[in-house]
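# Understanding the architecture of this molecule
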Amino acid sequence: MPLPKECHPRNVMITIQKGHRVLTVYEKRLPNVGCHYAGVSYRGSSIQHCIARPFENVDEAMRIHGRLARCKHPNILQPLGLWLCEENLKWCKNENKQEHIVQEKLSLDLWLRENRLKWCMSGKKEQDIVEGKQKEQNAHPRDDRENGMDKEKIFRAFITFPLIDGALKDVPRENIFLVQKDGTQSTAFGFTPQGSEIFCDIFGAVEYINRLYEEVANSPSSASSSASPASRVPFSLCSLKLNSGRILYNKLAEGEYQVLIWVDFFTEEQEKKKYKRAREPKVDDIWSANWSTIETYLTSLWESFKVMPNEELKLLAITLSKKLPNGAENRRYTELLWQPGLWTVYIKINFIRDVYWYFDQTKAREDILKSKDSLGLSAVITKLGFDLPDNNLYDSIMFLRKKVVAHQDSSYEAYKGDKDDVGIDKTTIEIFIQKTNSNYMIQMVEEIRKLNWMQSSPLTRMNVPNNREDLLGPWLGNDKNKMGKRVSCGCICTCGDGKVVRRGAQELRKMASDFQTSSLEI
């Protein structure tokens, strides 16, 4: 991505030389992210564009850089380098200062027009009133932040990162959520395929970081003399510090994005003040705090997009933040993969099809389903114009299998209302069902999981490793040479020569499409 026009040589904020390399930091900041555009050149070669995050404290910069260097995950933004300023840089640049001055003048003019008639009737002179108003403004100035002013800062270090396109919250909401507008209310009926992939990648990155807290400190390799100095230092128990500007994206194609987490951590002092714990935090406490941070981000995304989440997305948020019993925290990631709020419409369709295959022509399993309550789809069945029973779970699944998953054309033809309500695609008819019964898929997943017919979430479309160690071992450096199988969430694969390779979700899907192998089935 080319640098904006504002990144002109005359707009340079600082240059730092380290050997034959030169870092140039520009005044222009990346919107909603808090980094400056920058570039690095080597011995007069062409400049390599990047972004630079400023730090007022050198120790803080070194701490963050050291932790980021150990987070080797395809969806975590990797640092390019740490640069220390030879001289402290005072900075109070305000890009919006002129805009705020104009706005204040317009506000004063409007105030004058509104009150001019009142002054004339009172006999007061306009000049005296204006001077009094200006004195009042000067005597009670607004906060620097309200005026768009930045308080003076002293920068002592920069960490550089690859150039990114922006914050995820700036992506059009229709690219992340299935949004339908009804009057003034917009509702998100789940994720788009791209949105599901984005949050699978975010969840996978958080799970990876959570493993570092226990694995790095307890790994036998961390105590060996051959281990690097960084790996021998325990990963201190400080939770993630995220805000809406730290979940980033790079645009791959129209409507396709790679999500990147700009990882930051609270300090130990901040951790104590934030949670006011009477005891030292345990690993479970940090895991829980990290997942809760993602729940806060997800809900803030709904608010910024001005959408109301459906019941499935609400349950996903609850699963992220709810308190789990002691020892159960390591199962939260598995629970997240089983949440329908994370699934696309086609994953739901495949789930219905898989359940049908499990009991088809197996009377014992049919009888089990007939003994369970229905999903409450009688109103949907009636609206679609069918006369079908919905007395138990078996009836509900058979209706979904025959009239939604397959033979959807019969539902389209039988419906007497506006045909666009049910449509000819799976997404439209699935949303049609949600509008009548928002919990049907939540209830179905809950009942099927109790039967233990499926050992892994349909989100994976294959056998997910049964424990976290199998899932993340190669990323953490364990010499287990296990085959990761999480295509939808991004995973690790083992090549034919046994070499461990890290793959993201997008790359694995392309591999699956190219090779069409059963081991990478989507």
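This structure is a prediction, so every number in the text was calculated from the model and none was measured. (Residues numbered from 1 in each chain as written. Predicted model: local features only at pLDDT ≥ 70, side-chain atom pairs only at ≥ 80, totals over all residues. Heavy atoms only, no water.)

Judged by pairing direction, the sheet is mixed, and its 3 strands sit side by side in the order β8-β9-β12 without closing on themselves. Looking at the sheet topology across the chains shown, the edges are occupied by β8 (177-182) and β12 (308-309). Examined bridge by bridge, β8 and strand β9 (residues 185-191) share 5 bridges and lie antiparallel to one another. In the strand pairing of β9, K181 is matched with S186. Packed onto the sheet, helix α9 (residues 311-321) meets β8, β9 and β12 and runs at close to 65° relative to β9. (Pairing = 2+ DSSP bridges. Helix = DSSP H or I, 4+ residues; strand = E, 2+ residues; numbered from the N terminus. Contact = heavy atoms within 4.5 Å. Axes fitted to C-alpha atoms, helices over the stretch in contact; angles between N-to-C directions.)

Let us look at the side chain of T187. Along the chain, T187 falls in strand β9. Setting aside chain neighbours within four positions, we find T187 in contact with L178, V179, Q180 and M308.

Another point: the packing of aromatic side chains. Under the counting rule described, the total for this entry stands at 15 aromatic pairs. A centroid spacing of 6.4 Å and a plane angle of 55° characterise the contact between W338 and W343, whose relative ring orientation is tilted. Of the residues examined, W343 reaches a relative accessible area of 1% and is grouped as buried. The structure contains a cluster of three or more aromatic residues connected by ring pairs, namely F177, F191, F199, F203, W291, F305 and Y333. The cationic tip of R401 hangs over the ring face of Y356; the distance from NZ or CZ to the ring centre is 4.7 Å. The ring of Y412 is capped by K419, whose NZ or CZ atom sits 5.4 Å from the centre of that ring. (Phe/Tyr/Trp six-rings, centres within 6.5 Å; stacked < 30°, edge-to-face > 60°. Buried < 20%, exposed > 50% of the residue type's maximum accessible area, 1.4 Å probe, protein only. Lys NZ or Arg CZ within 6 Å of the ring centre and 35° of its normal.)

Right, let's talk about α9 for a bit. Here α9 has its buried residues at E312, L313, L316, A317, T319 and L320. Buried residues in α9, looked at end-on, bunch into an arc of 160°, giving them a common side. (Arc of directions from axis to C-beta.)

Its place among the elements puts Q408 in helix α15 (residues 408-414). Within the structure, the side chain of Q408 is placed 2.9 Å from the backbone oxygen of D425, a separation counted as a polar contact. (Polar contact = N/O pair within 3.5 Å; in protein donor to acceptor, adjacent residues only side chain to side chain.)

In this structure, K306 is a non-glycine residue whose phi angle is positive, near 55°. Backbone geometry places N452, a non-glycine residue, at a positive phi of 60°. Classification of N452 as exposed rests on a relative accessible area of 53%.

Let's shift gears to the pattern of salt bridges. Tallied over the full model, the rule gives 15 salt bridges. Residue K251 is joined to E254 by a salt bridge in which the shortest nitrogen-to-oxygen separation is 3.3 Å. Owing to a relative accessible area of 70%, E254 belongs among the exposed residues under this scheme. K372 serves as the salt-bridge partner of E447, at 3.7 Å between the closest nitrogen and oxygen. (Salt bridge = Lys/Arg side-chain N within 4 Å of Asp/Glu carboxyl O.)

Turning our attention to the pairing of strand β3 (residues 36-42). Two faces belong to every sheet, and in a regular strand the side chains alternate between them. Of all 7 residues making up β3, 6 are buried, and the element is well covered by its neighbours. The sheet contact formed by strand β2 (residues 21-29) and β3 spans 6 bridges and is antiparallel. Residue pairing for β3: L23 is matched across the bridge by V40. A loop of 6 residues connects β2 with β3, the two strands running antiparallel in sequence, and N32 in this loop sits at a positive phi of about 65°. The pairing of β3 with strand β4 (residues 48-55) spans 5 bridges and is antiparallel. Paired with H36 across the two strands is A52, which belongs to β4.

Now for the sheet that holds strand β11 (residues 256-261). The strand order β7-β10-β11 describes an open sheet built from 3 strands, whose pairing is antiparallel. The outermost strands of the open sheet, each flanked by one partner alone, are β7 (166-167) and β11. Sheet analysis places β7 next to strand β10 (residues 247-253), joined by 2 bridges and oriented antiparallel. From the neighbouring strand, A167 faces β10, where its bridge partner is L248.

Note that all results are geometric; they support no functional claim without further evidence.
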